[in-house]
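Structural description and commentary
Listed here are the chains, written in short residue letters.
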Amino acid sequence: MVEYEKHLYMIVFPINAMVASQLDPSAFAEHYTIGSSKHFQGKVLFAEIDINYRHPFFDIDHYLELTVPHPDGEPKKTKFICSYGVLEHVDLKALKRLYLVTPNGMALGIDSKPYTAVNEPGLVRIYQEITPLTNLVASTLDQRSFGRYITSETRSKGAPKICFTQYEFKVEEFLEQNRNREIMYSPIPENNPARLYEYLLELKAAPSKKTKTISLSTTLLAASYRLIRHGFWFAAGSELLFYPMPTRHELESQYYDWWRFVR
């Protein structure tokens, strides 16, 4: 019988789960989006976890033992290990490559890098929390401060760990274009532009206010990867793991087979 390498994956979106699999990342991405009847539409984000990672919250060894080929020799595609509280119990140091998957199963793998950007203070940014929270948030905090605030400085709006991204959004341009308009437009899908306009004005008028929740439900399902600014962050207090998006030039020249399916 063929021997298949075993993998540990953490699904980040649309759910948060730990899964064992005998599929490599590209095959896993394809199976989860178009090869499984349990997933019907939309993008998927997942990260590979170091196969040697262990935590008492997860019975990893037990489920890895069950991750064996089918009687006909086909690899075991998925063996769910846990479907609740996953990110909170995963050491960020155990995360390897992050994969961004299009609805038709094309995967782009990106590696983490130190986040070295020098941020301009006081700017209003739009963050989409991905897991375990799903809020769309406007904030005067930069990425480091936002991750630290959500995971260690607030109980009412926070979580022990979080994955989030920032949207490409020009606040001043949005406010100017929608000034005195009866029907407002937002480049971010699945949100109320009038509410967004009101909340941005509120943040600008009160710079000491750190966050304003725009929506409790995620916009990531409908949003294009083109909206992503900088990349994706995993935060746990002062610990920050950053996965940078390739530049537009890199996407068009090196990753065009993935980029052409991005909407």
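Structural notes, computed from the coordinates. (Residues numbered from 1 in each chain as written. Predicted model: local features only at pLDDT ≥ 70, side-chain atom pairs only at ≥ 80, totals over all residues. Heavy atoms only, no water.)

Here Leu-240 lies in strand β12 (residues 239–244). A sequence separation of 90 residues divides Leu-240 from Ile-150, and the C-alpha atoms of the two residues are 12 Å apart. Sequence-distant contacts of Leu-240, defined by excluding residues within four places in its chain, comprise Tyr-115, Arg-144, Trp-233, Phe-234 and Ala-235. (Helix = DSSP H or I, 4+ residues; strand = E, 2+ residues; numbered from the N terminus. Contact = heavy atoms within 4.5 Å.)

Attention now goes to empty space enclosed by the protein. The tally for this structure, following the rule as stated, stands at 1 cavity of 30 Å³ or more. Of the pockets and cavities examined, the largest cavity occupies roughly 50 Å³. Listed by contribution, the elements that provide at least two residues to the lining of the largest cavity are α3 (143–153) and β10 (211–215). Grouping the constituent residues of the lining of the largest cavity by class yields 3 nonpolar, 3 polar and 2 charged. (1 Å grid on protein atoms, 1.4 Å probe; cavity = no way out; pocket = protein on both sides within 12 Å on 5 of 7 lines; lining within 4 Å. Points joined across faces, edges and corners; volume = space filled by probe spheres on them. Nonpolar A, V, L, I, M, F, W, Y, C, P; charged D, E, K, R; others polar.)

This part is about the pairing of strand β11 (residues 228–236). A regular strand places its side chains on the two faces of the sheet in alternate fashion. Counting buried positions along β11 yields 7 of 9 residues, so the element is predominantly enclosed. Here 6 bridges tie strand β9 (residues 162–167) to β11, and the two strands are oriented antiparallel to one another. Each residue of the ladder has a partner; that of Thr-165, found in β11, is Phe-232. Bridge count between β11 and β12: 6 bridges; the pairing is antiparallel. Following the sheet pairing, Gly-231 is matched in β12 by Pro-244. Here β11 hands over to β12 after 2 residues, with Gly-237 in that stretch at a positive phi of 65°. (Buried < 20%, exposed > 50% of the residue type's maximum accessible area, 1.4 Å probe, protein only. Pairing = 2+ DSSP bridges.)

Just geometry here; none of it tells us what the structure is for.
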